[in-house]
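# Analysis of the macromolecular model
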Amino acid sequence: MRPTLPLLLMTVLQGLSGGLMISFGVLWWLVPSALPTLDILLWSAFLIAAIGGVASLFHMHKPKAGRYILRRLRTSWLSREALTTGIYVPALGVLVILPHLVPKIPLEYYGLGIVFTGVLGLVAMYVTAMLYATIPAMRSWHTRLTVIAMMLVGIVSGMAVAEGILAVAHVPGAGGRDFHIALLVGIAVLAGIKWMQYRHFLEARQSLRTATGTGMPAAPYRLIDSGTTKLPYRTQTQVGPELAPRRRQMLYVMMGLTLIVVPMALQIFPLQPAELGIRWTSAAIVMVCGAFVERWLFFADVTHSSRVWFGDELKRASSVSSNRVSPDFVRRFRHQDGL
Amino acid sequence: MQLTIITDLNKCVGCKSCQVSCKEHNTAGAFGTVPDHDPYTEPDGMWWNRIVGMESGEYPNASVLYLPKACMHCYDAPCVPVCPTGASYKREDNGVVLVDYDSCIGCQLCMWACPYGVREFDEHEGVVKKCTMCIDRIEDDTLPDIERQPACVQSCPTHARTFGDLEDPESEVAKLVAQRQGFTLLPELGARPAVHYLPRRQAPVILDESEVLRIMEERY
Ligand code: SF4
Ligand code: SF4
Ligand code: SF4
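Below is a short write-up of the structure. (Residues numbered from 1 in each chain as written. Chains lettered and ligands numbered in written order. Predicted model: local features only at pLDDT ≥ 70, side-chain atom pairs only at ≥ 80, totals over all residues. Heavy atoms only, no water.)

## Description of the packing of aromatic side chains
What characterises a pair of aromatic rings is the spacing of the ring centres plus the angle enclosed by the ring planes. Taken as a whole and judged by the stated rule, the model has 15 aromatic pairs over all chains. Here the aromatic rings of Tyr132(A) and Trp112(B) are separated by 5.9 Å at their centres, their planes lie at 35 degrees, and the arrangement is tilted. Of this pair, Tyr132(A) sits in helix α4 (residues 107-133) while Trp112(B) sits in helix α3 (residues 109-113), which puts the two residues in different chains. As far as burial versus exposure is concerned, Tyr132(A) and Trp112(B) are alike and both buried. Taken together, a centroid distance of 5.3 Å and an interplanar angle of 80 degrees make the contact between Phe298(A) and Phe299(A) edge-to-face. (Phe/Tyr/Trp six-rings, centres within 6.5 Å; stacked < 30°, edge-to-face > 60°. Helix = DSSP H or I, 4+ residues; strand = E, 2+ residues; numbered from the N terminus. Buried < 20%, exposed > 50% of the residue type's maximum accessible area, 1.4 Å probe, protein only.)

Okay, structure coming up:
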């Protein structure tokens, strides 16, 4: 399936905003004195979430029916996503403007607000990830790894962007050493999880063959007609053309570089204070690009159970048909005729 | 009650009459139009019933198998609980799974959830559509009895398809499933489809008279 731009934007930006919000909360707790400087993180988290929210409106093809979206809260993770994200974004907005409306707000109340909104952000990220992980037909997504990876991408990219924003605001390192180490550990854990997820995607892809779709006993079944279904499967978006092996390989390498290797390299080496800002800002930009590549692959490389009937498996040439006369055949023929 | 369609894979010859009659009825019918805005330049539009062709075995012992594939009207239809607006629902009285186009937002989550890839997205109306088991024909009591069945069942020239209530032990479909080991597709995904297929039988052993005489001669 090829993800649409609104789908990419809403999932990546929701995670990014959640990560930024959590970073803001942690930094505020670690360095309470830095609150005025940290304000910019909260604003960024809010703006990013708002862009994601607007993108989600474009994801609906019939927004008029959007008023029914909370009808299936009992069973549908998409209903729950609309609810949790719908609460998170306004809560974030309140947290942003409250200090401006009520200048003397008691710190402990504000702290409670931060914890509450941070938890809301985490819940929204979890619910979004569960939406994908709970679909058994999506063989590549139906695993806990989906939830862990999606939340980690959000949190870690949010942390990297928080450091980048603080660097741009000329207070690089405002988060202190602990925050920086936590970010490096986060990137390392993310690398491991993404590797496991890559293996899972591979397994899902390899375990579904045309032969398994017929309910027949094991036999070499080959799809010869997929029922008037043709690329690019316009009306059946759950499949979509399979990625060509070289392209897939290139994209995974690109994801590894942008999401893990380059940000890690930019963050890990001993730093001169002078170059701290530029390095951390670059790391944040590269990582956000990585998050988009990661999400694009998440959708584009997925294996749906119905792929068994779509058959854009590579066509194998017949092993028995040929224009050439088989030398073996000629030999046998001559032998028979005594030639 | 659980309405269903049973297909005998021994009888299906892959003529696609059911595929075409489904499209014909649902393009002209009242319930939901299958959109083909440009059918002559883009014949690969929306089909609610697609006949998949499979080749099995290796030459020279090869054969073909045809698998008509439409909505399975699953007992535990995964497409229903995921739908946020309640547009996808399963009718309690007859088990048919339907989509209410007025409340569908076109999020396509149900298409991801359906293990069989039988839901199709209508780009023009922004909603998801699929086989309705010709509910408009079944429930139209102004139609003659013979027409109160799905278009695909009525049009099948080999009578490979049978329509009925799977939960009525006296119905033809229930008997066929019980007596002929009817099976469902991808049972491991837990959707419990109502639509069943009757497995292909082994090719009959062909003996001519001389062969029988030879064996009799040899053994007795
Ligand atoms: S076959 Fe697919 S669309 Fe039909 S009821 Fe089952 S899950 Fe839903
Ligand atoms: S596309 Fe329509 S029917 Fe399908 S899940 Fe979304 S709202 Fe429900
Ligand atoms: S009409 Fe009958 S024989 Fe023809 S493809 Fe459909 S089920 Fe098979």
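## Re a nonpolar patch on the surface
Residue and element names in this part refer to chain A. Taken together, Trp43, Leu47, Ile97, Leu101 and Val102 make up a surface patch of nonpolar side chains, about 470 Å² in accessible area. Breaking the nonpolar patch down by element, the ones donating at least two residues are α2 (35-59) and α3 (77-101). Position of Leu47 among the secondary structure elements: in helix α2. (Patch = residues over 30% accessible without salt bridge, like charges linked within 9 Å, V, L, I, M, F, W, Y side chains within 5 Å. Areas by Shrake-Rupley, 256 points an atom, 1.4 Å probe, with all protein chains shown as cover. Salt bridge = Lys/Arg side-chain N within 4 Å of Asp/Glu carboxyl O.)

## Examining the site of ligand 1
Near ligand 1 there are 14 residues, and of these Cys71(B), Met72(B), Cys74(B), Cys79(B) and Cys114(B) occur at the shortest range. Taken together, the residues of the shell around ligand 1 break down into 11 nonpolar, one polar and two charged. (Near = heavy atom within 4 Å. Nonpolar A, V, L, I, M, F, W, Y, C, P; charged D, E, K, R; others polar.)

## Focus on the site of ligand 3
Every residue near ligand 3 is listed here: Cys12(B), Val13(B), Gly14(B), Cys15(B), Lys16(B), Ser17(B), Cys18(B), Pro68(B), Cys156(B), Pro157(B), Thr158(B) and Arg161(B). Among the residues forming the shell around ligand 3, the class breakdown is seven nonpolar, three polar and two charged.

## Re the state of the cysteines
All names here are of chain B. Taken as a whole and judged by the stated rule, the model has zero disulfides over all chains. With no disulfide of its own, Cys131 lies closest to Cys71 among cysteine sulfurs, the gap being 5.4 Å. For Cys131, a relative accessible area of 12% gives the class buried. (Disulfide = S-S within 2.5 Å.)

## Focus: the interface of chain A and chain B
Tallying the contact residues gives 56 residues for chain A and 59 residues for chain B. Around 4,600 Å² of area is buried between chain A and chain B when both sides are counted, 57% of it from carbon and sulfur atoms. Sorting the residues of chain A by area buried against chain B places Arg72(A), Arg234(A) and Trp309(A) first, and these three jointly supply 15% of that buried surface. Scanning the region where chain A abuts chain B turns up two salt bridges. Among the ionic pairs, Arg234(A) bridges to Glu123(B), the shortest N-O distance being 2.8 Å. Secondary-structure elements contributing two or more residues to the side of chain A that touches chain B are α3, α4 and β1 (221-225) of chain A. The element best represented in the side of chain A that touches chain B is β1(A), accounting for five residues. For the side of chain A that touches chain B, the class distribution of residues is 25 nonpolar, 22 polar and nine charged. By the bridge criterion, four bridges tie β1(A) to strand β2 (residues 50-56) of chain B in an arrangement that is antiparallel. From the neighbouring strand, Asp225(A) faces β2(B), where its bridge partner is Gly53(B). (Contact = heavy atoms within 4.5 Å. Buried area = accessible area lost by both parts, 1.4 Å probe. Pairing = 2+ DSSP bridges.)

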